[in-house]
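Single-letter residue listing:
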Protein chains: 4
Amino acid sequence: MTVLDDVATTVGELRRTVSDLHSQLTKYGLVIWTAGNVSARVPGADLMVIKPSGVDYDELTPESMVVTDLHGTLVDGEHAPSSDTAAHGYVYRHMPQVGGVVHTHSTYATAWAARSEPIPCALTMIGDEFGGEVPVGPFALIGDDSIGRGIVETLRDSRSPAVLMAQHGPFTIGKDAWAAVKAAVMVEDVARTVHIARQLGDVPPIGQADVDKLYDRYQNVYGQ
Amino acid sequence: MTVLDDVATTVGELRRTVSDLHSQLTKYGLVIWTAGNVSARVPGADLMVIKPSGVDYDELTPESMVVTDLHGTLVDGEHAPSSDTAAHGYVYRHMPQVGGVVHTHSTYATAWAARSEPIPCALTMIGDEFGGEVPVGPFALIGDDSIGRGIVETLRDSRSPAVLMAQHGPFTIGKDAWAAVKAAVMVEDVARTVHIARQLGDVPPIGQADVDKLYDRYQNVYGQ
Amino acid sequence: MTVLDDVATTVGELRRTVSDLHSQLTKYGLVIWTAGNVSARVPGADLMVIKPSGVDYDELTPESMVVTDLHGTLVDGEHAPSSDTAAHGYVYRHMPQVGGVVHTHSTYATAWAARSEPIPCALTMIGDEFGGEVPVGPFALIGDDSIGRGIVETLRDSRSPAVLMAQHGPFTIGKDAWAAVKAAVMVEDVARTVHIARQLGDVPPIGQADVDKLYDRYQNVYGQ
Amino acid sequence: MTVLDDVATTVGELRRTVSDLHSQLTKYGLVIWTAGNVSARVPGADLMVIKPSGVDYDELTPESMVVTDLHGTLVDGEHAPSSDTAAHGYVYRHMPQVGGVVHTHSTYATAWAARSEPIPCALTMIGDEFGGEVPVGPFALIGDDSIGRGIVETLRDSRSPAVLMAQHGPFTIGKDAWAAVKAAVMVEDVARTVHIARQLGDVPPIGQADVDKLYDRYQNVYGQ
């Protein structure tokens, strides 16, 4: 399997990374049963590593992860890839800066998606992480490029690493799988907090100038 | 005990399966105390394996499971069968395709049941799993066939594997106990998400043609 | 310590029972920090075993439990008794059939208490366990018999083993500590489910004749 | 490092205390990812021990804690200090009685902060712990003394150990880090319960005279 030979070490590491990162989805209660998935682009190759379809989170191992090309065709692995593989691949093909994609049906983010309503930038944490409101993508059926195209068209010109696909659920992106998982955790957290805030009254958005300051500082100064 | 001799191996396996599956009910927070139960039909016999009455989930073992006939009469086991055994048995007697039944009082599904309101098909996941709205069954008292009859009459002509019994809670069915447990997990998840979505505004249903496409694809293509 | 000599074995067993039962309060999320307590009457003596004040749930042991008389005076133990001991003692003095008392500030039950609103009997589980609505007791300050008197006056003529003390939280009783803990778990569960049901519309109560049938059957037929 | 020599034993103990106390934040669900922090003043020195920036809660150890002066300048440690260090330091410089500070974005407290609405003193537990309503502080951007000044100006003349910083989240203080953590746990609990209570109707506050009695008794009598 020539295409894998050049990146065999990288793929081996990504199998472990992607497998392990699914434990963050269960830890934070973002997924039930088998309904959510993480993938990572293989740098230097038109490949990705993704969760197998219909396998329990408790049973995921590096070996059970699946390698496909960016159209979702199986390259290596014993299981069928996630049923969302086409959407992940579309994102990798059209957003070269993206190294990781996550999809969940996390409760509060999906609730905003059910109403096709963006999450307003009403908390400093939203300014930090999303740089503005969390946008809504179109309603799209699984089975062709519709979901991937909706993700890309919504996020291409946005600072947000998360999109709420209408009547479906959130997809998040990042420079790597870890960043995409962090965005999946964060979007559920802010979706929940703003939802609860709004249950008892109006929730004013933060002014754009302050959002810009928060986003700039967090993206450029924060962390080790 | 002649009736058990022919299916002894099957019954032994089902005791383990049914006992183990209860851990999914506690894992997903669908039950408290002893208030929920799983059963499995014994293929090739008019028997079922079901949870004993009033025993803690932590103390369930394959050995503590109970075998009854499909009218709920004890055939093998050291405990009394679940107080919901009559309802499970009625379903097995009248729906030959059903191999597993689950009953819980999971919070959000029961909340819809308290209002006798079906869960609208407002998310792609509901189209996938339930093929339309999750229907409500009649109010029925325990003690005779009323609950079982209400379940069967509601689900017989529905794609949904879940019914919200009015002012009581959800019952789910499946081709086996695993599928019925999955439906119990899923119905609580969609009950919660649609509830939360509707708290802040209208939640439009997905059009019937799209629901049909989702359901058909998920039932026929998805999985390993 | 003569008063303890006659019941030493019983007290030893109750120390373990009461200590262990607190793990149900944390398991079901009914308490935070040290804010909830279980007690048991010592049969055949004017004594009770109760949680020490201000000790973490993780650090409770049979040895750390406290024995007091029914006025809350310390009889045996190395810690001060729970600050709610006076209320527990008042209940034991005035309700001889009660063998266990539990107090929590569990979220949903306390929310009904904050509005001084009884939980309507809108679910079969409420008919089973409470035999009608869960009543509200008066607002009462800690420091004298006010809380205990409010509990007793509310529950004396009720089927309910739970009272929602106004602007404070639930107290539950039972024939023993286990039954009182079960009632504490159940009252939070039904408080939550009916709350959520009512968020999206009216929740009709079950008719009195049906409530009577549910209660009678559950109290007299159910269980092993 | 002369400044540390005199307090080396104390700093060693505080590293362990502060590291361990973060487990209470995760236990009670007050934080996600790395978004919350605990600090402790070093008695007898113008120093504090605080969480490192951007390190997972699971990976915190006494050794990874950071020592800074009260302006946030690193004195000892291998990581950068929390991005909230300036706010902690401002509090220690201006409130000499404070020995511990905690910051989280816990869901319900942050929801009240998103509306800039104080939590009314509607439960006996709020009277006990907060001595009145939980106040709101100003909206302030990170990067200078604004957050610290907002905390101090709000809490200086309040009995409450918690302030809800507008559109941001809660900060809590205490005589030591343990007390500040307890206040962080308690403020989320009362924020949640009063939120839920108010969802279904009005929630009357407790009268001031009764609040005073509750607060006085709890602060002076309660505990071991």
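Computed from a prediction, not measured in an experiment: that's the story for all the values here. (Residues numbered from 1 in each chain as written. Chains lettered and ligands numbered in written order. Predicted model: local features only at pLDDT ≥ 70, side-chain atom pairs only at ≥ 80, totals over all residues. Heavy atoms only, no water.)

1. Considering helix 6 (residues 146–155) of chain B
Think of an α-helix as turning once every 3.6 residues; residues three or four places apart then point the same way. Residues and elements named next belong to chain B. Summarising burial for helix 6: eight of the 10 residues are buried, a large majority. Every buried residue belonging to helix 6 is among Ser146, Ile147, Gly148, Gly150, Ile151, Val152, Thr154 and Leu155, and all of these are buried. If you follow the buried residues of helix 6, they end up packed against helix 3 (85–94), strand 6 (136–137), strand 7 (162–165) and strand 8 (169–174). (Buried < 20%, exposed > 50% of the residue type's maximum accessible area, 1.4 Å probe, protein only. Helix = DSSP H or I, 4+ residues; strand = E, 2+ residues; numbered from the N terminus. Contact = heavy atoms within 4.5 Å.)

2. Digging into the relation of the copies chain C and chain B
With an RMSD of 0.0 Å, the fit of chain C onto chain B corresponds to turning through 90 degrees and sliding 0.0 Å along the axis. Both chain copies can therefore be described as sitting about a four-fold axis. Relative to the rotation axis, the C-alpha of C:Gln199 is the closest in chain C, positioned 5.3 Å from it. Taken as a fraction of all interface residues of chain C, those also at the interface in chain B reach only 3%, which identifies the copy contact as different-surface. (Least-squares fit on C-alpha atoms with pLDDT ≥ 70 in both.)

3. Quick notes on the interface of chain A and chain D
Contacts between the two partners involve 32 residues from chain A and, on the opposite side, 27 residues from chain D. At the junction of chain A with chain D, the criterion picks out one salt bridge. A:Lys27 is the salt-bridge partner of D:Asp58, the closest N and O atoms lying 3.6 Å from each other. Linking chain A to chain D there are six residue pairs in polar contact (both at pLDDT 80 or more). Breaking the side of chain A that touches chain D down by element, the ones donating at least two residues are helix 2 (8–27), helix 5 (124–130), helix 7 (177–199) and helix 8 (208–220) of chain A. Grouping the constituent residues of the side of chain A that touches chain D by class yields 17 nonpolar, seven polar and eight charged. (Salt bridge = Lys/Arg side-chain N within 4 Å of Asp/Glu carboxyl O. Polar contact = N/O pair within 3.5 Å; in protein donor to acceptor, adjacent residues only side chain to side chain. Nonpolar A, V, L, I, M, F, W, Y, C, P; charged D, E, K, R; others polar.)

4. Quick look at the interface of chain C and chain B
Across the contact, 32 residues belong to chain C and 27 residues belong to chain B. Summed over both partners, the interface of chain C with chain B buries about 2,700 Å², with 64% contributed by carbon and sulfur atoms. Here chain C is connected to chain B by one salt bridge. Applying the counting criterion to the chain C and chain B interface returns six residue pairs in polar contact (both at pLDDT 80 or more). (Buried area = accessible area lost by both parts, 1.4 Å probe.)

5. Examining the environment of D:Val187
In this fold, D:Val187 is placed in helix 7 (residues 177–199). For the pair formed by D:Val187 and D:Ala113, sequence separation is 74 residues and the distance between their alpha carbons is 12 Å.

6. Things to note about the sheet that holds strand 8 (residues 169–174) of chain C
All names here are of chain C. The mixed open sheet is built from eight strands, whose spatial order is 4-3-2-1-5-8-7-6. Edge strands, defined here as strands with exactly one partner in the open sheet, are strand 4 (74–76) and strand 6 (136–137). In the sheet, strand 1 (residues 37–42) pairs with strand 5 (residues 100–103) via four bridges, with the strands oriented antiparallel. When the bridges of strand 5 are listed, alanine 40 appears paired with glycine 100. Across the sheet, helix 6 (residues 146–155) lies against strand 6, strand 7 (162–165) and strand 8, angled at about 130 degrees from strand 7, the strand it touches most. (Pairing = 2+ DSSP bridges. Axes fitted to C-alpha atoms, helices over the stretch in contact; angles between N-to-C directions.)

7. A look at the UniProt feature "domain: Class II aldolase/adducin N-terminal" (unreviewed entry) in chain A
Per the UniProt record, the feature "domain: Class II aldolase/adducin N-terminal" (unreviewed entry) sits at residues 16–195 of chain A. Helix makes up 37% of residues 16–195 of chain A and strand makes up 18%, while its end C-alpha atoms are separated by 35 Å. (UniProt positions renumbered as here; feature names shortened; annotations may be inferred.)

8. A short note on the relation of the copies chain A and chain D
Note on the copies: chain A fits chain D at an RMSD of 0.0 Å, the axial shift is 0.0 Å, and the rotation between them is 90 degrees. By residue overlap, the copies meet through two different surfaces: only 3% of the interface positions of chain A are interface positions in chain D.

9. Some words on the nonpolar core
Within the largest apolar cluster, 234 residues are counted, with the highest numbers of intra-cluster contacts made by A:Ile119, B:Ile119, C:Ile119 and D:Ile119. Excluding residues within four positions of it along the chain, C:Ile119 makes contact with C:Trp112, C:Ile126, C:Glu133, C:Val134, C:Leu164, C:Val187, C:Val190, C:Ala191 and C:Val194. (Core = buried A, V, L, I, M, F, W, Y, C linked by side-chain atoms within 4.5 Å.)

10. Re the packing of helix 2 of chain A against helix 7 of chain A
Residues and elements named next belong to chain A. Remark: helix 2 packs on helix 7, axes separated minimally by 10 Å, with the N-to-C direction vectors making an angle of 5 degrees. The pairing of helix 2 with helix 7 is recorded here as roughly parallel in orientation. Contact with helix 2, carried on its side by Leu21, Gln24 and Leu25, involves Ala177, Trp178 and Val181 of helix 7 and no other residues of that element. Residues that form the contact of helix 2 with helix 7 fall into these classes: five nonpolar, one polar and no charged. (Parallel < 35°, antiparallel > 145°, perpendicular 65-115°, else oblique.)

11. Looking at the sheet that holds strand 2 (residues 47–50) of chain D
All names here are of chain D. Taken in spatial order, the eight strands of this open sheet run 4-3-2-1-5-8-7-6, and their pairing is mixed. With partners counted over all chains shown, the strands left at the sheet margins are strand 4 (74–76) and strand 6 (136–137), one partner each. With four bridges joining them, strand 7 (residues 162–165) and strand 8 (residues 169–174) adopt antiparallel strand pairing. Across the sheet, residue valine 163 finds its bridge partner in strand 8, namely phenylalanine 171.

12. Here we look at the side chain of A:Ser19
Within the fold, A:Ser19 resides in helix 2. On the basis of relative accessible area, A:Ser19 is assigned to the buried category, the value being 7%.

13. A look at helix 2 (residues 8–27) of chain D
Residue and element names in this part refer to chain D. Between its terminal C-alpha atoms helix 2 stretches 30 Å, which fits the 28 Å expected from 20 residues at 1.5 Å a residue. Considered for burial, the residues of helix 2 that qualify are Val11, Leu14, Arg15, Val18, Ser19, Leu21, His22, Gln24 and Leu25. Two residues or fewer past helix 2, glycine 29 is found with a positive phi of approximately 70 degrees. (Expected span 1.5 Å × (residues − 1).)

14. Remarks on the packing of helix 4 (residues 107–114) of chain C against helix 7 of chain D
At their nearest, the axes of helix 4 of chain C and helix 7 of chain D sit 8 Å apart, and the two run at 55 degrees to each other. Judged by the angle between their axes, helix 4 of chain C and helix 7 of chain D are oblique. Of the two possible hands of crossing, helix 4 of chain C and helix 7 of chain D adopt the one that is right-handed. Across the interface between the two elements, C:Thr107, C:Tyr108, C:Thr110, C:Ala111 and C:Ala114 of helix 4 of chain C pack against D:Asp189, D:Arg192, D:Thr193, D:Ile196 and D:Ala197 of helix 7 of chain D. (Left-handed = near helix turned anticlockwise from the far one by under 90°.)

15. Topic: the packing of aromatic side chains
When we look at a pair of aromatic rings, we describe it by the centre distance and by the angle of the planes. Scanning the entire structure with this criterion turns up eight aromatic pairs over all chains. Centroid distance A:Tyr28 to D:Trp33: 6.2 Å. Interplanar angle 35 degrees. Geometry classified as tilted. With A:Tyr28 in the loop between helix 2 and strand 1 (37–42) and D:Trp33 in the loop between helix 2 and strand 1 (37–42), the pair connects residues from two separate chains. Both residues of the pair, A:Tyr28 and D:Trp33, belong to the buried class. The interplanar angle of 55 degrees and the centroid separation of 5.5 Å between the aromatic rings of C:Trp33 and D:Trp178 together place this pair among those described as tilted. (Phe/Tyr/Trp six-rings, centres within 6.5 Å; stacked < 30°, edge-to-face > 60°.)

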